[in-house]
Amino acid sequence: MSGFQTAQRCDHTQINVQNFYYRWTISNFRFILGEIQESIRSPTFSIGVNDKWCLRVHPKGVDEESADYLSVYLVLLSCLKSPVWAKFQFLMFSTEGETTHGESKPIVSRFEPGVELGYKKFILRNFLLSFAPWLLPNDKLTLLCKVSMVDDSMPISDQNRKPRIQVPRCTLADELGELWENSQFTDCCLVAAGQEFQAHKAILAARSPVFRAMFQHDMEESRNNRFEIHDLEPQVFKTLMDFIYTGKAPDLDSMAAADKYGLERLKVMCEDALFRDLSVENAAHTLFLVHLHRARQLKTEALDFITAHAFEVSETSGWKTIVKTCPHLVAEAYHSLASAHCPFRHSVSV
């Protein structure tokens, strides 16, 4: 009786994605909204080596359904290899230099030369004109197009790969953490609310631009290597130091401290924790908090959440406080909500 023989082969395909940002500013835009009937095309730009793209704005929409809207499109003009797969999104720059968006959720699409894809109801023209001082600074519309394009894919046969070498895990964070926990070879003392923490100036300066500037100043604290830490409780400061030495943040209630000391990764980790805890009751407060500390990723998520739960959020005490104290945030929320035709109960004049 003959036996069975089994053959096996494993392959791998590597997909390369290229990220690209294109910024386009159009002057005299209120005149364009009132007088121009035809679409406006941006200068040509390239994302890859052998492709050409442009943006197209339709001031009065593209059909009867979108006649009251500004329509925006991404256009593939030419490409040696087609079709091209790309994810794209349009955003606008406000007077504060921050990006905001109308009806512009990211889209993944298949492009061929001559194809234009985008948002025919990007933003209501009346809404754009109503908030022109904020959305059209100096009578200019500035669009940002974010594109992630699939580049060449490369099949790699398992038969051609060399055996993998097992590289030991990097233990740098553990070793620095031991220096911190055991106060070994320290050269400075940080005092938070009377509690002393022994630390290493070189490590703090490498990790935080604020500590670096603090140590460089020729002042009595720097000469004595003893520094007072103001406005932070000892437990919050210890969490901050744990992160500086190890990159780990067991307690993420420290966004203000992360912002104060220029620790961007800790700040994003705090954003992630707040995002996972986002609810109707805390959405308005979260929007205020992330705006205060310039946490842009979570600000976008908070605006999207408020847009999706507009009626419930507008009934909370947090939203009523925002209406009274932060009209610019209310305007941003209205902007996100404009295309949904679902206004908040509480009106506000901006």
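Under an unreviewed UniProt entry, the protein chain has the name Speckle-type POZ protein-like and belongs to Peromyscus maniculatus bairdii. Under the Sequence similarities (unreviewed entry) heading, UniProt states for the protein chain: "Belongs to the Tdpoz family."

Engineer: Got a sec to walk through the overall build of the protein chain? Specific residues and values, please.
Structural biologist: When its secondary structure is counted, the protein chain shows 15 helices and twelve strands. A burial count over the protein chain gives 41% of its 350 residues as buried. Considering only contacts within the protein chain whose residues lie at least 6 apart along the sequence, 63% involve residues at least 24 apart. With the model as given, the accessible surface of the protein chain reaches about 19900 Å², and the carbon-plus-sulfur share is 51%.

Engineer: Provide a residue-level description of the nonpolar core, including the pertinent values.
Structural biologist: Counting residues in each nonpolar core, the largest one holds 56 residues, and the members touching the most others are Phe29, Trp53, Leu70, Leu74, Phe90, Phe122 and Leu128. Apart from the residues lying within four places of it in its own chain, the contact partners of Trp53 are Pro43, Thr44, Phe45, Ile47, Leu74, Val75, Leu76, Leu77, Val84, Phe111 and Met149. In this structure, Cys188, Leu204, Ala257 and Cys270 belong to the second largest nonpolar core, which totals 27 residues.

Engineer: Could you give an account of the pairing of strand S10 (residues 188-192), with specific residues and numbers?
Structural biologist: Consecutive side chains of a regular strand alternate in pointing toward one face of the sheet and then the other. A large share of S10 lies buried, amounting to five of its five residues. Of the two faces of S10, both are covered, the one formed by Cys188, Leu190 and Ala192 as well as the one formed by Cys189 and Val191. Where S10 meets strand S11 (residues 195-199), five bridges bridge the pair, whose relative direction is antiparallel. Within S11, the residue paired with Leu190 across the bridge is Phe197. As consecutive antiparallel partners, S10 and S11 are separated by two residues, and within that stretch Ala193 has a phi angle of approximately 50 degrees, a positive value. Note that S10 and strand S12 (residues 226-229) share four bridges and pair parallel. Each bridged residue has a counterpart across the sheet, and for Leu190 the counterpart in S12 is Phe227.

Engineer: So, the pattern of salt bridges: which residues are in play, and what are the values?
Structural biologist: Inspection of every chain in the model, using the stated rule, returns eleven salt bridges. Salt-bridge contacts for Arg56 lead to Glu116; the nearest nitrogen and oxygen are separated by 3.1 Å. Within this pair, whereas Arg56 is found in strand S3 (residues 51-58), its partner Glu116 is found in strand S8 (residues 116-124), the two being separated by 60 residues in sequence. Here Glu181 ties to Lys238 by a salt bridge, and the two come within 4.0 Å at their closest N and O atoms. Of this pair, Glu181 sits in helix H4 (residues 172-181) while Lys238 sits in helix H8 (residues 234-246), placing them 57 residues apart in sequence. Relative accessible area serves as the criterion here: at 27%, Lys238 is assigned to the partly exposed category.

Engineer: Lay out unusual backbone geometry in plain terms, naming residues and giving numbers.
Structural biologist: Residue Asn138 is not a glycine yet carries a positive backbone phi of 60 degrees. Note on Asn138: relative accessible area 71%, which makes it exposed. We note that Phe185 has phi near 60 degrees; this positive angle belongs to a residue other than glycine. Using a relative accessible area of 71% as the deciding quantity, one classes Phe185 as exposed.

Engineer: Please give an account of the sheet that holds S8 that cites residues and values.
Structural biologist: Pairing is antiparallel in the open sheet, where four strands are placed in the order S2-S3-S4-S8. The open sheet has two edge strands with one neighbour each: strand S2 (40-41) and S8. The pairing of S2 with S3 spans two bridges and is classified as antiparallel. Across the sheet, the residue bridging to Ile40 is Val57, located in S3.

Engineer: Help me get a handle on the packing of helix H10 (residues 264-276) against helix H12 (residues 296-308), residues and values and all.
Structural biologist: H12 packs onto H10 with a crossing angle of 15 degrees between their chain directions and a minimal axis gap of 9 Å. Relative to H12, the element H10 lies roughly parallel. Pair H10 / H12 crosses with left-handed handedness. Seen from H10, the contacting residues are Val268, Glu271, Leu274 and Phe275; seen from H12, they are Arg296, Gln297, Leu298 and Glu301. Residue composition of the contact of H10 with H12, grouped by class: four nonpolar, one polar and three charged.

Engineer: Summarise the side chain of Asp139; cite the residues concerned and give the values.
Structural biologist: Residue placement: Asp139 occurs in the loop between helix H3 (132-135) and strand S9 (141-157). Here the side chain of Asp139 touches Arg30 through a polar contact of 3.0 Å, landing on its backbone nitrogen. What Asp139 contacts, discounting residues up to four positions off in sequence, is Ile26, Ser27, Asn28, Phe29 and Arg30.

Engineer: Describe in detail the sheet that holds S10, supporting the description with residues and values.
Structural biologist: Overall, mixed pairing links the three strands, which are arranged S11-S10-S12 in an open sheet. Lying at the two open borders of the sheet, with one neighbouring strand each, are S11 and S12. Strand after strand, the sheet turns through a mean of 25 degrees between neighbouring axes, direction not considered. Each of S10, S11 and S12 touches H8; the most contacted strand, S11, lies at about 10 degrees to it.

Conventions used here
- Residues numbered from 1 in each chain as written.
- Predicted model: local features only at pLDDT ≥ 70, side-chain atom pairs only at ≥ 80, totals over all residues.
- Heavy atoms only, no water.
- UniProt positions renumbered as here; feature names shortened; annotations may be inferred.
- Helix = DSSP H or I, 4+ residues; strand = E, 2+ residues; numbered from the N terminus.
- Buried < 20%, exposed > 50% of the residue type's maximum accessible area, 1.4 Å probe, protein only.
- Contact = heavy atoms within 4.5 Å.
- Areas by Shrake-Rupley, 256 points an atom, 1.4 Å probe, with all protein chains shown as cover.
- Core = buried A, V, L, I, M, F, W, Y, C linked by side-chain atoms within 4.5 Å.
- Pairing = 2+ DSSP bridges.
- Salt bridge = Lys/Arg side-chain N within 4 Å of Asp/Glu carboxyl O.
- Axes fitted to C-alpha atoms, helices over the stretch in contact; angles between N-to-C directions.
- Parallel < 35°, antiparallel > 145°, perpendicular 65-115°, else oblique.
- Left-handed = near helix turned anticlockwise from the far one by under 90°.
- Nonpolar A, V, L, I, M, F, W, Y, C, P; charged D, E, K, R; others polar.
- Polar contact = N/O pair within 3.5 Å; in protein donor to acceptor, adjacent residues only side chain to side chain.

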